[in-house]
Amino acid sequence: MALSRRNPVSLGLLLLASALAPAVGATPPQPGSLELDRKQPISLDAASSEVDYKTNRVVFRNVVISQGSMKVQADHAQATGLDFDNSHWTFEGNVRINAEERGNLRSDEAVVEFRNNRIAKAIIDGSPAEFEQKRADSEQMARGHAHEIVYDVQDGSVRLSTDAWLSDGQREISGPELVYNIREQRVQASSQPGTGQQIHITIAPATEPKKP
């Protein structure tokens with residue numbers, strides 16, 4: 001795990017990263033899943049659509065766009081032209097994004113960038129925008145929220161900004177910006193000097209096992 005040089009190494013942050021990382025001997029994510037997704041065609045399903053031929057603007061209602069295991073769905077979507085080569089689509093209302101490695105994002109609004117007929121990036125905004133991922137080594141969920149979350153498909157990362165918070169169920173970390181790698185299940189935190197904002201870590205006491 002890499003830490004910003006602007007912040008001192010924190011034992012709590014190291015513990016959190018260790019907890020979010022897959023356990024030794026755990027089954028690693030199957031290789032090539034992203035490559036397999038990218039080889040699949042992009043499909044679109046919607047309840048209705050409207051096309052303005054003067055502006056080339058397309059509007060969809062109850063839309064679902066998918067490529068392999070990745071999926072974007074929302075109450076409404078709009079774009080300029082039905083094109084997935086190099087375009088930006090705006091999604092509004094109950095936005096749900098199924099990311100790779102069992103990751104999911106929820107928000108009020110999202111802008112999804114398509115590049116070379118592939119889902120490349122999603123910028124989601126909400127009050128707050130939310131992220132969760134089922135961990136590979138247990139039944140626990142990694143959860144986070146922020147006012148803005150940027151999902152970079154190529155890097156396999158989600159960047160949480162403004163009132164960012166992330167937890168594995170027992171340990172919590174909050175700060176101005178958190179970057180979570182959904183493939184390696186590791187977190188990196190940073191803060192801007194002079195802003196007064198700091199990284200805060202909370203570690204709950206371990207619960208005793210129930211007696212039979």
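Provided above is the structure to which this section pertains.
The structure reproduced in this document is the subject of the present report. (Residues numbered from 1 in each chain as written. Predicted model: local features only at pLDDT ≥ 70, side-chain atom pairs only at ≥ 80, totals over all residues. Heavy atoms only, no water.)

## Quick word on unusual backbone geometry
Here the bond from Ser127 into Pro128 is cis, since omega is 0 degrees, no more than 30 degrees from zero. On the secondary structure map, Pro128 appears in strand S7 (residues 119–134). Backbone geometry at Asn94 places phi at a positive 50 degrees, although glycine is not the residue there. As for its position among the elements, Asn94 is in strand S5 (residues 86–98). Despite not being glycine, Asn116 has its phi angle at roughly 55 degrees, a positive value. By the secondary structure assignment, Asn116 is in the loop between strand S6 (103–115) and S7. (Helix = DSSP H or I, 4+ residues; strand = E, 2+ residues; numbered from the N terminus.)

## Some words on the packing of aromatic side chains
Applying the stated rule across the entire model yields six aromatic pairs. Through a chain of ring-to-ring contacts, three or more aromatic side chains come together here, namely Phe60, Phe84, Trp89, Phe91 and Phe114. (Phe/Tyr/Trp six-rings, centres within 6.5 Å; stacked < 30°, edge-to-face > 60°.)

## Concerning the environment of Leu44
Mapped onto the secondary structure, Leu44 falls in strand S1 (residues 43–45). According to the relative accessible area criterion, Leu44 is partly exposed, its value standing at 26%. Taking the C-alpha atoms as reference, Leu44 lies 9.6 Å from Gln73; in sequence the two are 29 residues apart. In contact with Leu44, not counting residues within four places along its chain, are Phe60, Val63, Val64, Ile65, Leu82, Phe84 and Trp89. (Buried < 20%, exposed > 50% of the residue type's maximum accessible area, 1.4 Å probe, protein only. Contact = heavy atoms within 4.5 Å.)

## Examining the side chain of Ser157
You can see Ser157 is positioned in strand S9 (residues 157–167). What makes Ser157 buried here is its relative accessible area of 13%. With near-sequence residues (within four places) excluded, Ser157 lies in contact with Val150, Tyr151, Asp152, Val179, Tyr180 and Asn181.

## Digging into the pattern of salt bridges
Where charged atoms from two side chains of opposite charge approach closely, those side chains can pair. Under the definition given, this model contains six salt bridges. A salt bridge links Glu132 to Arg106; its shortest N-O distance comes to 3.6 Å. Of this pair, Glu132 sits in strand S7 while Arg106 sits in strand S6, placing them 26 residues apart in sequence. Accessibility expressed as a relative area gives 23% for Arg106, which makes it partly exposed. Notably, a salt bridge pairs Arg143 with Glu132, separated by 3.5 Å at the nearest N-O pair. One end of the pair, Arg143, is in strand S8 (residues 141–152); the other, Glu132, is in strand S7, and 11 residues separate them in sequence. (Salt bridge = Lys/Arg side-chain N within 4 Å of Asp/Glu carboxyl O.)

## Examining the side chain of Gln133
Checked against the element boundaries, Gln133 lands in strand S7. For Gln133, a relative accessible area of 0% translates into the label buried. Looking at Gln133, its side chain comes within polar contact range of the side chain of Tyr180, at 2.7 Å. (Polar contact = N/O pair within 3.5 Å; in protein donor to acceptor, adjacent residues only side chain to side chain.)

## Digging into the nonpolar core
Most often, soluble globular proteins have nonpolar side chains that are buried together. Ranked by size, the top nonpolar core spans 40 residues in total, and within it Trp89, Phe91, Leu105, Ile149, Tyr151 and Val158 carry the most contacts. Discounting chain neighbours no more than four positions away, the residues touching Tyr151 are Met70, Ala99, Glu100, Leu105, Ala120, Lys121, Ala122, Ser157, Val158 and Ile182. (Core = buried A, V, L, I, M, F, W, Y, C linked by side-chain atoms within 4.5 Å.)

## Some remarks on the environment of Glu113
The residue Glu113 is located in strand S6 in this model. Residue class for Glu113 comes out buried when judged on its relative accessible area of 17%. Sequence-distant contacts of Glu113, defined by excluding residues within four places in its chain, comprise Ser87, His88, Arg118, Ile119, Ala120 and Lys121. Within the local environment of Glu113, its side chain forms a polar contact with the side chain of Arg115, the two groups lying 2.3 Å apart.

Read these as geometric descriptors, not functional statements.
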